[in-house]
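Read off the chains here:
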Amino acid sequence: DGGITQSPKYLFRKEGQNVTLSCEQNLNHDAMYWYRQDPGQGLRLIYYSQIVNDFQKGDIAEGYSVSREKKESFPLTVTSAQKNPTAFYLCASSFPGQGYEQYFGPGTRLTVT
Amino acid sequence: AQKITQTQPGMFVQEKEAVTLDCTYDTSDPSYGLFWYKQPSSGEMIFLIYQGSYDQQNATEGRYSLNFQKARKSANLVISASQLGDSAMYFCAMRGPFSSGSARQLTFGSGTQLTVLP
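All values derive from a computational prediction rather than experimental measurement.

Draft legend 1. Representation of the overall build of chain A within the structure. Check the secondary structure of chain A and you find zero helices and 11 strands. Along chain A, helices and strands appear, N-terminal first, in the series β-β-β-β-β-β-β-β-β-β-β. Every one of the 113 residues in chain A was classed for burial, and the buried ones make up 50%. Across chain A, every contact between residues at least 6 apart in sequence was considered, and the portion connecting residues at least 24 apart equals 51%. With the model as given, the accessible surface of chain A reaches about 5,500 Å², and the carbon-plus-sulfur share is 47%. When the 11 basic and 11 acidic side-chain charges of chain A are each reduced to a single mean position, those positions are 8 Å apart.

Draft legend 2. Main features of the sheet that holds strand 3 (residues 19-25) of chain A. All names here are of chain A. A sheet is described by the order of its strands in space; here four strands give the open sequence 1-3-8-7, paired in antiparallel fashion. One side of each edge strand has no neighbouring strand; the edge strands of this open sheet are strand 1 (4-7) and strand 7 (64-66). Between one strand and the next, the sheet's axes are offset by a mean angle of 20°, whatever the strand orientation. Sheet topology places strand 7 next to strand 8 (residues 76-78); three bridges connect them, and they run antiparallel. Note that in strand 8 the partner of Val66 across the bridge is Leu76.

Draft legend 3. Main features of the packing of aromatic side chains. According to the stated counting rule, one finds 17 aromatic pairs over all chains in the structure shown. Judged by centre distance (6.2 Å) and plane angle (20°), the rings of A:Tyr33 and A:Tyr48 are stacked. A residue pair is termed long-range when its members are at least 10 positions apart, and A:Tyr33 in strand 4 (residues 31-37) and A:Tyr48 in strand 5 (residues 43-51) qualify at 15 residues. For A:Tyr33, a relative accessible area of 0% translates into the label buried. For A:Tyr48, a relative accessible area of 5% corresponds to the buried category. In this structure an aromatic cluster arises from ring pairing among A:Tyr33, A:Tyr35, A:Tyr48, A:Tyr103, A:Phe104, B:Phe35, B:Tyr37, B:Phe47, B:Tyr50, B:Phe91 and B:Phe108. The ring of B:Tyr64 carries B:Arg63 above its face, with NZ or CZ at 5.8 Å from the centroid.

So, how was this worked out
Residues numbered from 1 in each chain as written. Chains lettered and ligands numbered in written order. Predicted model: local features only at pLDDT ≥ 70, side-chain atom pairs only at ≥ 80, totals over all residues. Heavy atoms only, no water. Helix = DSSP H or I, 4+ residues; strand = E, 2+ residues; numbered from the N terminus. Buried < 20%, exposed > 50% of the residue type's maximum accessible area, 1.4 Å probe, protein only. Contact = heavy atoms within 4.5 Å. Areas by Shrake-Rupley, 256 points an atom, 1.4 Å probe, with all protein chains shown as cover. Lys, Arg positive; Asp, Glu negative; His and termini not counted. Charge placed at Lys NZ, Arg CZ, Asp CG, Glu CD. Pairing = 2+ DSSP bridges. Axes fitted to C-alpha atoms, helices over the stretch in contact; angles between N-to-C directions. Phe/Tyr/Trp six-rings, centres within 6.5 Å; stacked < 30°, edge-to-face > 60°. Lys NZ or Arg CZ within 6 Å of the ring centre and 35° of its normal.

Shown next as structure tokens:
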């Protein structure tokens, strides 16, 4: 089955630690994205990548870093510089189809205490 | 800059009835795309329907249709024959023109929580 996987579903970290969220897709999509969702709110774009070894900052990139060494993988690192890291993180991918619609993974809920 | 506004934080509908979820948008680009996503309590975002700004007809996908009124800058989602499984958060989103870098980025509204009553 083709799709997007994110692991783990729940993640707990102590303040001051970096943490890396995994995102893998086997849809052969060229573009991948990371979003953050806070309770009761919409999604905000953190980073996106249109091709391997290239990525661009979204609206809220501060305190986050990404890499895109393989087409299938787009890991997100939440660094200790991110002031409010507790949130729901969603990964997505898209292809240049009809509307560039994005398909999402199941998400990772990160809690930092 | 693009902006999406969803003014209904919550909506209730009786099972088997139709419901309209409102979405208005703001952009200065003549070329853009509009999307609706469903987010159940599990958290995953599910793509429902897409409308391009130059599409002549309103988009339809099964029980979902998009009421696109370009002059009013609205893109309301209509769900016909509501089912209990339709209870979820619904988000309207927009992308920029294909010619620009913003074509790959989506701007989301704040969402509408739909509850279908038995």
